[in-house]
Amino acid sequence: MRIHIATDHAGLEFSTQLQHHLAAAGHEVVDHGPIEYDPLDDYPAFCIRAAQAVVRDQAAGIEALGVVFGGSGNGEQIAANKVVGVRAALAWSIATAELAREHNDANVIAIGARQHTFEEAASFIDRFIATPFSGEERHARRIAQLAAYEEDGTLEPDPRAVAGQPDVLAADDSSFDPEAG
C-alpha cells in the first residue's frame, strides 16, 4: 500500500522512524513533510499535500492512506480534513484507530507525536492500515451524508422542523447563508 505522510518540526524525528517502520512492513512511503528541522515551520501545507495525494491516488485506483502528525495531531487532522474527499481521524488508541477505518472509512489518520511513544503511535498506525472498512449500511449511509454535505451543502432534514419547530439553518431570520457554506 502507498502511505502518504506529513508532519512539521514537531514530528520530524518521528517521521524518520515511521518511514523506516512502514517500509520494513512492505509499504511504499511518500513523505510530504519538511526536509530539515525548522522550529518555525507550519504544518498546513505539508498535511494538505499528503491528503491531496491520498485522494488523487484513491481516485486513480491506487490503494493509499495517509498519516499526518505533529505535536498533538489536532491541527494536522484539521488541515487534512480541508481536502475534499478526506476523512481524517485523530487516533489516540488502538480502538480509535480501528474504528476510524471500520466505521468511518477514514483515509487519513492523525497522531500526536508528542503524546505517545513511537511504539504506541506505530501500533495505532499499523492497526489503522490493517483494518478494512466494514461496509455496513449504516456506516456507508453516514459517509454518503458527509460526502453530500461536502459536495453541495445537503443535510438531512432537522427533526425539530418535522416536529413543528423551525430548522435553525432554514429559519427566515437566520444569518446562515447556504451559498457561502
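Here, every reference points to the structure presented above.
Quick notes on the rules
- Residues numbered from 1 in each chain as written.
- Predicted model: local features only at pLDDT ≥ 70, side-chain atom pairs only at ≥ 80, totals over all residues.
- Heavy atoms only, no water.
- Phe/Tyr/Trp six-rings, centres within 6.5 Å; stacked < 30°, edge-to-face > 60°.
- Helix = DSSP H or I, 4+ residues; strand = E, 2+ residues; numbered from the N terminus.
- Buried < 20%, exposed > 50% of the residue type's maximum accessible area, 1.4 Å probe, protein only.
- Axes fitted to C-alpha atoms, helices over the stretch in contact; angles between N-to-C directions.
- Parallel < 35°, antiparallel > 145°, perpendicular 65-115°, else oblique.
- Left-handed = near helix turned anticlockwise from the far one by under 90°.
- Contact = heavy atoms within 4.5 Å.

(A) Expanded view of the packing of aromatic side chains. Summed over the entire model, instances satisfying the criterion amount to two aromatic pairs. For the pair Phe-14 and Phe-69, a centre-to-centre distance of 4.8 Å together with 70° between the ring planes defines the contact as edge-to-face. Of this pair, Phe-14 sits in helix α1 (residues 12–24) while Phe-69 sits in strand β3 (residues 64–70); the two residues are 55 residues apart in sequence, bridging distant segments of the chain. Residue class for Phe-14 comes out buried when judged on its relative accessible area of 7%.

(B) Representation of the packing of α1 against helix α5 (residues 118–130) within the structure. It is the contact of α1 with α5, at a shortest axis distance of 11 Å, that shows an interaxial angle of 45°. Of the possible angle classes, the one that applies to α1 and α5 is oblique. The hand of the α1/α5 crossing is right-handed. In contact with Phe-14, Gln-17, Leu-18, His-21 and Leu-22 of α1, α5 contributes Phe-118, Ala-121, Ala-122, Ile-125, Asp-126 and Ile-129.

(C) Unusual backbone geometry, seen in detail. Not every positive phi belongs to a glycine, and Asp-105 is a case in point at roughly 50°. Of note, Asp-105 is situated in the loop between α4 (94–102) and β5 (108–112). A relative accessible area of 21% places Asp-105 in the partly exposed class.

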